[in-house]
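Spelled out from the first residue to the last, the chains are:
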Amino acid sequence: MNKNKIHLPFTFSLFIVLLLSSCGLFYPDQPPPPHVKTKTILFKCDNSINHDMLLPVEVICLTTDGQLGEVAGIGPNNWFDSKERNKYPFKHTLMLRNGEDRLLRLKKMPPDAKYVVLFASYYKVEEQEPQQIVLTTDAEIKEVVWVSAVSLYH
């Protein structure tokens, strides 16, 4: 009798463990969370941009909604002078010229990046909207950004 009492709880426990572990076999794996697939950005500049001065542009790769909120809150006008800028290691900085086509390869990008923010610092442009672009998980692998005299277009 003692043998049955010892084996019954063990057998029952083993059955429960096997049942729970087998449940995972019948359900497909959860897909990974979406991420930005963009690998390159082609900047196509008009013949005259930024009052014929070099245009500073920074491309920032972000992994969370909170980071996006913080970066967007700083905005393109204050970004280049911001102390917060140093908190974001996954960024690319470039200077664009009149009439230039410049291909940027995103080498500094975390694999789980959800957003790619582009900030330009146009001379005498105060509005935030024409100086920024946010690429999300539906962005293309190869993106094109048109750079006009006073605005970025995507």
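Residues numbered from 1 in each chain as written. Predicted model: local features only at pLDDT ≥ 70, side-chain atom pairs only at ≥ 80, totals over all residues. Heavy atoms only, no water.

A. Inspection of the pairing of strand β5 (residues 115-120) at higher detail. Summarising burial for β5: 6 of the 6 residues are buried, a large majority. Alternating residues of β5 divide into Tyr-115, Val-117 and Phe-119 and Val-116, Leu-118 and Ala-120, and every residue in both groups is buried. In this structure, strand β2 (residues 55-62) lies alongside β5, joined through 6 bridges in antiparallel fashion. By the bridge assignment, Cys-61 is partnered in β5 with Val-116. (Buried < 20%, exposed > 50% of the residue type's maximum accessible area, 1.4 Å probe, protein only. Helix = DSSP H or I, 4+ residues; strand = E, 2+ residues; numbered from the N terminus. Pairing = 2+ DSSP bridges.)

B. Region of interest: the environment of Asp-52. Positionally, Asp-52 belongs in the loop between β1 (40-45) and β2. Along the sequence, Asp-52 and Ala-149 sit 97 residues apart, while their C-alpha atoms lie 8.5 Å from each other. Among the polar contacts made by the side chain of Asp-52, one reaches the side chain of Asn-98 at a distance of 2.9 Å. (Polar contact = N/O pair within 3.5 Å; in protein donor to acceptor, adjacent residues only side chain to side chain.)

C. Here's a closer look at helix α2 (residues 65-79). Given a rise of 1.5 Å per residue, 15 residues ought to cover 21 Å, yet the end C-alpha atoms of α2 are separated by just 18 Å, more than 12% below that figure. At Ala-72, α2 is bent by approximately 40 degrees, the largest bend along its length, and proline Pro-76 sits one to four residues beyond. Within the span of α2, buried status applies to Leu-68, Val-71, Ile-74, Gly-75, Pro-76 and Trp-79. In this fold, the buried residues of α2 make contact with β2, β5 and β6 (132-135). (Expected span 1.5 Å × (residues − 1). Bend = angle between axes of the 7 residues up to and from the residue. Contact = heavy atoms within 4.5 Å.)

D. Geometry of the sheet that holds strand β4 (residues 101-105). The 4 strands are arranged β4-β1-β7-β8 in an open sheet whose pairing can be described as mixed. Edge strands, defined here as strands with exactly one partner in the open sheet, are β4 and β8 (152-153). Where β1 meets strand β7 (residues 142-147), 6 bridges bridge the pair, whose relative direction is parallel. Across the sheet, the residue bridging to Leu-42 is Val-144, located in β7.

E. Main features of the pairing of β6. The side-chain alternation of β6 yields one buried face, formed by Ile-133 and Leu-135, and one unburied face, formed by Gln-132 and Val-134. In the sheet, β5 pairs with β6 via 4 bridges, with the strands oriented antiparallel. For Phe-119, the partnering residue across the bridge sits in β6 and is Gln-132.

F. Representation of the environment of Pro-56 in the model. In this structure, Pro-56 sits in strand β2. Taking C-alpha positions, Pro-56 is 7.7 Å from Tyr-122, a pair spaced 66 residues apart along the chain. Beyond its immediate stretch of four places on either side in the chain, Pro-56 contacts Asn-50, Phe-80, Leu-94, Met-95, Phe-119, Ala-120 and Ser-121.

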